[in-house]
Amino acid sequence: MKITDLRATPVTVPLEAPLRHANGAHWGRFVRTIVEVDTDEGITGLGELGGGGEAAQSAIDGLKRYLVGHDPFQLEALRFKIANPTASLYNNRNQLLAAIEFACLDICGKALDTPVYNLLGGKVRDRVPFASYLFFRFDHPGTGSGEIFSPEQLVEHARELKATHGFRCHKLKGGVFPPDHELACYRALAEAFPGDTFRFDPNSVFSVREAIRFGHAIEHLDNDYYEDPTWGLSGMRQVREAVGIPLATNTVVVNFEQLATNLRDPAVDVILLDTTFWGGVRACIKAAGICETFQQPISVHSSGELGIQLATMLHLGAVLPNLTFAADAHYHHLVDDVIVGGKFTYHDGSIAVPDGPGLGVSLDRERLAYYAEVFNKLGTYAYDRDPARPDWYPLIPNTSWAKPEHTDSASVPGLAELTDLPTKPYA
């Protein structure tokens, strides 16, 4: 079997409401790029790439001369063609490699009429549990989804999610407001759901001193872990030595060299494996095996995925015996998906692993065309800037914190355009 063509389609899928975090706001939508890989046997594999636009299309087009004629079963040769350890020093190709690997695994599974998890050693679980993944957010005038700013609003939203999806683990994305305001919100969340577990992630914006102070204030809660409270292995190591909560990361241990460094001189307790950041499902499985050997806990990270990448996370979660924490997913914040049947559904806080051939998902061509049109209408966005605070950047350590800022959604540029989208061509 040989690859005959590659295609990339940028899409924009709206969220229920714009999510806020330390690195800016999502502006109420996710921009992703859907990748299709064709073969000479008529099998097409599906991949997904974070971000999108002309740059992603150009990057995929640029890989054609390397990959047309390549056997999709030859995954190690594929890795060296796209992300040779030395040649790729000059560019970040992990996400490109991941998207193509997803598609090739999908092709292999379809060719053999078996789910991807069987190509990866077979599943040890039928369902993958997920955390609720809570954000501070703007009100969305188009969907009527409410603002989340106060502890009361956060707890009410978590109650709705738990009633709808069954979550028993709750993650709060912080780094938006002053630490004491977010501390009050996090404590209220823990008090409202006795028996559940919790995790807090301020996206590395705390100074070491602030991270330690905040950590001491939440040590008594039922924490899964404290995720990326500050930046860098050195900073994380100082926090780990002072705070009695496991530290987790998806920012400072995202490749094998960093993993080796952390095993030699621990700074992080829980490695959050991401099927895109690590360069594919297979790389995550390799990393998980190393972590199992050294008793290094793991979980699965979310990078704003649609259903294709979520399927890779489910197949990954299915085969990892040492996956002891619920995975993260932004997925419940999306209003739709580009796969046949629409969004995956949660039951009792988990999602069933697809059992169809390959990744077990198919593209809904009408949805794909519709959300490609939405992308063309709205364009990309400045992911790292909060539209309510255009002059604000992620905090430098020891920067003074202002009082909590309550922002009326009417003043947020870019929200109104989400209420005037092309008419959907499907029910």
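Small disclaimer: the values here were computed from a predicted structure and weren't measured.

Enquirer: Is there a simple way to explain the sheet that holds strand 2 (residues 19-21) in this structure?
Expert: Think of a sheet as strands paired side by side through backbone hydrogen bonds, with each pair either parallel or antiparallel. Across the sheet, nine strands lie side by side as 3-2-7-8-9-10-11-12-13; this open sheet has mixed pairing. Each end of this open sheet is capped by a strand with a single partner; those strands are strand 3 (24-25) and strand 13 (298-300). The sheet contact formed by strand 7 (residues 134-137) and strand 8 (residues 169-173) spans two bridges and is parallel. In the sheet register, Leu 134 faces strand 8, and the bridge partner there is Leu 172.

Enquirer: What is the right way to look at the sheet that holds strand 1 (residues 3-14) in this model?
Expert: Overall, antiparallel pairing links the three strands, which are arranged 1-4-5 in an open sheet. Each having just a single partner strand, strand 1 and strand 5 (44-50) make up the two edges of the open sheet. For this sheet, the mean inter-axis angle between neighbouring strands, taken without regard to orientation, is 25 degrees. In terms of strand pairing, strand 4 (residues 29-39) meets strand 5 through seven bridges, oriented antiparallel. By the bridge assignment, Val 35 is partnered in strand 5 with Gly 47. Of the strands in this sheet, strand 4 and strand 5 touch helix 11 (residues 307-319), which is tilted by about 100 degrees from strand 5. Sheet contacts for helix 12 (residues 365-378): strand 1 and strand 4; angle to strand 1, the most-contacted strand, approximately 65 degrees.

Enquirer: Is there a simple way to think about the confidence of the model for the chain in this case?
Expert: Should pLDDT be low for a region, the predicted coordinates there are not to be read in detail. Averaged over every residue, the pLDDT of the chain is 91; residues scoring 70 or more account for 89%. Across residues 394-399, where pLDDT falls below 50, the model places seven contacts with residues more than four positions away in sequence or in other chains.

Enquirer: Got a minute to help me understand the packing of helix 2 (residues 75-83) against helix 3 (residues 94-112) in this structure?
Expert: Packed helices, taken two at a time, are described by the angle between their axes plus the distance between the axes. At a closest axis distance of 10 Å, the pairing of helix 2 and helix 3 adopts a crossing angle of 155 degrees. It follows from the interaxial angle that helix 2 and helix 3 lie roughly antiparallel. Classified by chirality, the crossing of helix 3 by helix 2 is right-handed. Counted together, Leu 75, Leu 78, Arg 79, Ile 82 and Ala 83 of helix 2 and Leu 96, Leu 97, Ile 100, Glu 101, Cys 104 and Leu 105 of helix 3 form the full contact between these two elements.

Enquirer: What should I look at first to understand the side chain of Asn 322 in this one?
Expert: Tracing the sequence through the fold places Asn 322 in the loop between helix 11 and strand 14 (350-352). Taking the relative accessible area as the measure of exposure, Asn 322 reaches 14% and is therefore buried. Every residue in contact with Asn 322, bar those within four places of it in the chain, is listed here: Ala 288, Cys 291, Glu 292 and Ile 298.

Enquirer: Please explain the nonpolar core as it appears in this structure.
Expert: Most often, soluble globular proteins keep nonpolar side chains buried together rather than apart. Of all hydrophobic cores here, the largest spans 131 residues; its most connected members are Ile 100, Phe 130, Tyr 226, Ile 271, Trp 278 and Phe 344. Among the elements that line this core, the one with the most residues is helix 3, at 10 residues. Residue contacts for Tyr 226: discarding those within four places in its chain leaves Phe 200, Phe 206, Ala 211, Phe 214, Gly 215, Ile 218, Val 239, Ile 245, Pro 246, Leu 247 and Ala 248. Judged by nonpolar contacts, the second largest core, of five residues, contains Ala 248, Val 270, Leu 272 and Phe 325.

Enquirer: For this particular structure, what's the right way to read unusual backbone geometry?
Expert: Leave glycine aside and you will find that most residues have negative phi; peptide bonds, for their part, are mostly trans. A positive phi is found at Asn 203, a non-glycine position, where the angle reads about 55 degrees. Relative to the assigned elements, Asn 203 resides in the loop between strand 9 (197-201) and helix 7 (208-218). Classification of Asn 203 as buried rests on a relative accessible area of 16%. In this model, Gln 295 sits at a positive phi of 55 degrees, which is unusual for a non-glycine residue.

Enquirer: Please clarify how a nonpolar patch on the surface should be interpreted in this entry.
Expert: Together, Phe 73, Leu 112 and Leu 119 line one region of the surface with nonpolar side chains, adding up to about 250 Å² of accessible area. Positionally, Leu 112 belongs in helix 3.

Enquirer: I keep staring at helix 1 (residues 54-67) and nothing clicks. Help me out?
Expert: Note on helix geometry: an α-helix contains 3.6 residues per turn, so any two residues three or four positions apart are oriented the same way. Between its first and last C-alpha, helix 1 extends 20 Å over 14 residues, near the 20 Å set by a 1.5 Å rise per residue. Those residues of helix 1 lying buried are Ala 56, Ile 60, Leu 63 and Leu 67. The buried residues of helix 1 occupy an angular sector of 60 degrees when the element is viewed end-on, so they sit on one face. For helix 1, the exposed residues set more than 90 degrees away from the buried face come down to Glu 54, Ala 55 and Arg 65. Where helix 1 is buried, its residues touch strand 1, strand 4, strand 5, helix 2 and helix 3. Following helix 1 by one or two positions, Gly 69 adopts a phi angle in the positive range, close to 95 degrees.

Analysis parameters
- Position labels on residues start from 1 in each chain and follow its written sequence.
- Given that this is a predicted model, residues contribute local features only at a pLDDT of at least 70 and side-chain atom pairs are listed and counted only at 80 or more, while totals for whole chains, interfaces and linings are drawn from all residues.
- Only hydrogens and water are set aside when side-chain values are computed; all heavy atoms of the structure are taken into account.
- At least two DSSP bridges between two strands are needed for those strands to be called paired.
- A helix here means a DSSP run of H or I that spans at least four residues, while a strand means a run of E at least two residues long, and both kinds are numbered starting from the N terminus.
- In this description, a line fitted to the C-alpha atoms serves as the axis of each element, helices being fitted only across the stretch in contact, and the angle between N-to-C directions of two axes falls anywhere from 0 to 180 degrees.
- We call two residues in contact when some of their heavy atoms are within 4.5 Å.
- For every residue, the predictor reports its confidence as pLDDT, a number between 0 and 100.
- Oblique is the label for every angle not falling under 35 degrees (roughly parallel), over 145 degrees (roughly antiparallel), or within 65 to 115 degrees (roughly perpendicular).
- Note on convention: near helix rotated counterclockwise from far helix by under a right angle means a left-handed crossing. Clockwise means right-handed.
- Only protein chains enter the accessibility calculation, which uses a 1.4 Å probe. A residue is then buried if its area is under 20% of the maximum for its type, exposed if over 50%, and partly exposed in between.
- We call a set of buried Ala, Val, Leu, Ile, Met, Phe, Trp, Tyr and Cys residues a nonpolar core when their side-chain atoms join them within 4.5 Å.
- A patch consists of residues whose relative accessible area exceeds 30% and which take part in no salt bridge; residues with like charges are grouped when within 9 Å of each other, and nonpolar side chains (Val, Leu, Ile, Met, Phe, Trp, Tyr) when within 5 Å.
- The method behind every accessible area is Shrake-Rupley, applied with a 1.4 Å probe, and residues are considered shielded solely by the protein chains displayed.
- Here a salt bridge means any side-chain nitrogen of Lys or Arg lying within 4 Å of a carboxyl oxygen belonging to Asp or Glu.
- Take the residue count of a helix, subtract one, and multiply by 1.5 Å to get its expected span.
- It is the directions from the helix axis to the C-beta atoms whose arc is reported.

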